Amino acid sequence: MLRTSDGVRIDAGHLPGPTGHTGELGFVLAHGFTGSWRTPITRRIAAVLAGYGGVLAIDFRGHGRSAGLSTVGDLEVLDLDAAVRHARTAYQRVVTVGFSMGAAVALRHAALHGGVAGVVAVSGPARWYYRGTRPMRQVHWAIEHPAGRLAARVAKRTRIAVGRWDPIPLAPYQAAPLIAPVPLLIVHGDADTFFPLEHAHQLYEAAREPRELWVEPGYGHAESAATPDLIRRIGRWSTRTKPE
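This one's a predicted model, so the numbers in the text were calculated from it and none came from an experiment. (Residues numbered from 1 in each chain as written. Predicted model: local features only at pLDDT ≥ 70, side-chain atom pairs only at ≥ 80, totals over all residues. Heavy atoms only, no water.)

Structural notes on the side chain of Asp81
The cut-off we apply is this: In this text, helices come from DSSP runs of H or I with a minimum length of four residues, and strands from runs of E with a minimum of two, each type numbered from the N-terminal end. The contact criterion used is simple: two residues touch if any of their non-hydrogen atoms lie within 4.5 Å.
Among the secondary structure elements, Asp81 is positioned in helix H2 (residues 76-87). Excluding residues that lie within four positions of it along the chain, Asp81 makes contacts with His109 and His113.

Below, the structure is given as structure tokens:
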């Protein structure tokens, strides 16, 4: 268990890195909305990343065994910051790897809190309140309506805060230019049914160097579509964040 600066208990799990590389590179893995580090999908991703460095995976507030209520990308930056600060006690360099909502949180965390050696944003939104696809309209129903919040609680163990953001948090595309000189990798599939490629391009165009954009042919959305090969390439990219 970790504890955030606003007092929320966060459930976390740790996988050590490869033998002989202890203490060099650590990853903090940030799941998407309704996800959890305990799901088989996220565990498989963590296991692949552990071939390149230690992995600290968390459940955001309101998810799984963590306390609190989900604010769908706002106060979750405090959850990620607690994990990054903890990881930095064991690893020289920490790279955040976020999927979907976790990608937005990773971008905002790096811009607002720093302390990371690299940021990987996979299948992330560029802006808030996007409703241009059917899956995102379903997500908004789950967030905004009592029946949707009940369904998320029962089916996904996700407890969602009631009410609108006030103030509206910094949007991911607004956070992107504030990350430099920390390396930023944006990964997006051309078959993403939640956020079309325009989101990846908006993030990339807003960001400053060093930045990379990987458009993955046939790749869908977030953790469920991530192949071991993609995660290995992310691992190799992360090893290159080491300063010269």
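Let's talk about the sheet that holds strand E4 (residues 25-30)
Quick note on the threshold: At least two DSSP bridges between two strands are required for those strands to pair. All axes here are fitted lines through C-alpha atoms, helices being fitted over the stretch that makes contact, and every angle between N-to-C directions spans 0 to 180 degrees.
Spatially, E3-E5-E4-E6-E7-E8-E9 is the arrangement adopted by the 7 strands of the open sheet, whose pairing is mixed. The open sheet has two edge strands, strand E3 (12-15) and strand E9 (211-216), and neither has a second partner. The average undirected angle you get between the axes of adjacent strands in this sheet is 15°.

What to know about the pattern of salt bridges
Basically, it comes down to this: Here a salt bridge means any side-chain nitrogen of Lys or Arg lying within 4 Å of a carboxyl oxygen belonging to Asp or Glu. The buried label goes to any residue with under 20% of its type's maximum accessible area, the exposed label to any with over 50%, and the partly exposed label to all in between, with areas taken from a 1.4 Å probe on protein chains only.
Counted under the stated rule, the structure contains 10 salt bridges. The partner of Arg61 in a salt bridge is Asp6, with the nearest N and O atoms 2.9 Å apart. Placement of Arg61 in the loop between strand E5 (54-58) and H2 and of Asp6 in the loop between strand E1 (2-3) and strand E2 (9-10) is noted, with a sequence separation of 55 residues between them. Accessibility expressed as a relative area gives 37% for Asp6, which makes it partly exposed. One salt-bridge network, held together by shared partners, links Asp6, Arg61 and Asp79.

Regarding the environment of Pro181
Mapped onto the fold, Pro181 is located in the loop between helix H6 (172-175) and strand E8 (184-189). What makes Pro181 exposed here is its relative accessible area of 69%. The sequence separation of Pro181 and Glu209 amounts to 28 residues, and the corresponding C-alpha distance is 6.8 Å.

Thoughts on the side chain of Ser36
Filter applied, for reference: Definition of a polar contact: a pair of N or O atoms within 3.5 Å, with one able to donate and the other able to accept a hydrogen when the atoms are protein atoms, and with sequence-neighbouring residues admitted only if both atoms are side-chain atoms.
By the element assignment, Ser36 lies in the loop between E4 and helix H1 (40-49). Assessed through its relative accessible area of 11%, Ser36 is described here as buried. Looking at Ser36, its side chain comes within polar contact range of the main-chain nitrogen of Arg38, at 3.1 Å. Apart from the residues within four sequence positions on either side, Ser36 is in contact with His31, Thr42 and Asp59.

Comments concerning helix H3 (residues 101-112)
Which entries qualify depends on this criterion: What a helix should span is 1.5 Å times the count of its residues minus one.
Helix length check: H3 (12 residues) gives 16 Å between terminal C-alpha atoms against 16 Å at 1.5 Å per residue, within 8%. Summarising burial for H3: 11 of the 12 residues are buried, a large majority. When we look at burial in H3, the residues that qualify are Met101, Gly102, Ala103, Ala104, Val105, Ala106, Leu107, Arg108, His109, Ala110 and Ala111. Looking one or two residues beyond H3, the residue adopting positive phi is Gly114, at roughly 70°.

Focus on the packing of aromatic side chains
Under the convention used in this document: Here a Phe, Tyr or Trp ring, Trp counted by its six-membered ring, pairs with any other such ring whose centre lies within 6.5 Å, and the pair is stacked when the planes are under 30 degrees apart, edge-to-face when over 60, and tilted otherwise. We call a charge positioned over a ring when the NZ of a Lys or the CZ of an Arg lies within 6 Å of the ring centre and within 35 degrees of the ring normal.
Tallied over the full model, the rule gives 3 aromatic pairs. Taking the centre distance of 6.1 Å and the plane angle of 45° together, the rings of Tyr130 and Phe195 count as tilted. Taken together, the residues span a long stretch of sequence, with Tyr130 in the loop between strand E7 (118-122) and helix H4 (134-144) and Phe195 in the loop between E8 and helix H7 (197-206) at a distance of 65 residues. Tyr130 gets classed as buried once you look at its relative accessible area, which sits at 13%. Through successive ring pairs, a cluster of aromatic residues spans Trp128, Tyr129 and Trp165. Across from the ring centre of Tyr204, 4.1 Å away, lies the NZ or CZ of Arg211, which sits over that ring.

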